[in-house]
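# Coordinates in review
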Amino acid sequence: MDTPVETTVWQSPPAENQLGLPKRNVWQAMWRGFRCRCPQCGEGKLFNGYLTSVPACSICGEDLSHHRADDAPPYFTIVVVGHVVVPLMVAVFLATELSVTTHLLIWMPLTLVMTLALLRPIKGALIALQWALYMHGFDTRSDPDAMPEGYLRIDPA
Ligand SMILES: [Zn+2]
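Residues numbered from 1 in each chain as written. Predicted model: local features only at pLDDT ≥ 70, side-chain atom pairs only at ≥ 80, totals over all residues.

## Structural notes on the overall build of the chain
For clarity, the cut-off: The numbering of helices and of strands both runs from the N terminus, where a helix is a DSSP run of H or I of at least 4 residues and a strand a run of E of at least 2. Any residue with 12 or fewer other C-beta atoms within 10 Å of its own C-beta is exposed, any with 20 or more is buried, and the rest are partly exposed; the C-beta atoms used are placed from the backbone. Residues are treated as contacting if the C-beta atoms built from their backbones sit within 7 Å of each other.
The number of helices and strands found in the chain is three helices and zero strands. Element order for the chain, N to C, with α for helix and β for strand: α-α-α. A buried classification covers 17% of the 157 residues belonging to the chain. Sequence separation of at least 24 residues holds for 54% of the intrachain contacts in the chain that already meet a minimum separation of 6.

Here it is as structure tokens:
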């Protein structure tokens, strides 16, 4: 005779964040944003210009108009580029006897290229971070019509 098989039911951790909204994977969203892709689906384009973001994803329709990246992208770009260029410049200055003109010809273009190359991906990552954390207008609970299907409105008690 067969003995009844005991089954263990595992429950996943709560899939909601502290706002009571479905958790979003922050790092996945930021990586998608860094690749200038929609943080929701990872397919649609995030920009329709160099730094102009699309109002909504053309693939999944996610509303991306709520971001407030403002001056954070230039700030973080300066932090990253500065932490690469300045130590390199000091190291090369100390190790060689290049003229000031040569230093300018090396570091000015490098700074310019790195800045222009990183500004857009960093803006994309910051838009995705705001999306993943429901910052600013991405928390649309006050306007239930704006919520995607499956989201529940939480009324204050
Ligand atoms: Zn999308």
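Read on, since the account is not over.
## Remarks on helix 2 (residues 72-95)
We count it as follows: Helix span, as expected, comes to 1.5 Å for every residue beyond the first. To get the bend at a given residue, fit one axis to the seven residues ending there, fit another to the seven starting there, and take the angle between those axes.
Between the first and last C-alpha of helix 2 there are 35 Å, a value that for 24 residues agrees with the 34 Å anticipated at 1.5 Å per step. At Gly82, helix 2 shows its largest kink, close to 30 degrees. Looking at the packing, one finds that the buried side of helix 2 touches helix 3 (100-132).

## Here's the deal with the packing of helix 1 (residues 26-34) against helix 3
What counts is decided by this rule: Fitted lines through C-alpha atoms serve as axes, helices being fitted only where they are in contact, and the angles separating the N-to-C directions of these axes extend from 0 to 180 degrees. If an angle is under 35 degrees, it is roughly parallel; if it is over 145, roughly antiparallel; if it lies from 65 to 115, roughly perpendicular; otherwise it is oblique. In this scheme, a crossing is called left-handed if the near helix is turned counterclockwise away from the far one by less than a right angle; it is called right-handed if the turn is clockwise. The nonpolar class holds Ala, Val, Leu, Ile, Met, Phe, Trp, Tyr, Cys and Pro. Asp, Glu, Lys and Arg form the charged class, and all remaining residues, Gly among them, are polar.
The contact between helix 1 and helix 3 brings their axes to 7 Å, and the two run at 150 degrees. Between helix 1 and helix 3, the crossing angle belongs to the class labelled roughly antiparallel. The chirality of how helix 1 crosses helix 3 is right-handed. Residues Val26, Ala29, Met30, Arg32, Gly33 and Phe34 of helix 1 touch helix 3, and the partners they reach there are Pro121, Gly124, Ala125, Ile127, Ala128, Leu129, Trp131 and Ala132. Here the contact of helix 1 with helix 3 is composed, by residue class, of 11 nonpolar, two polar and one charged.

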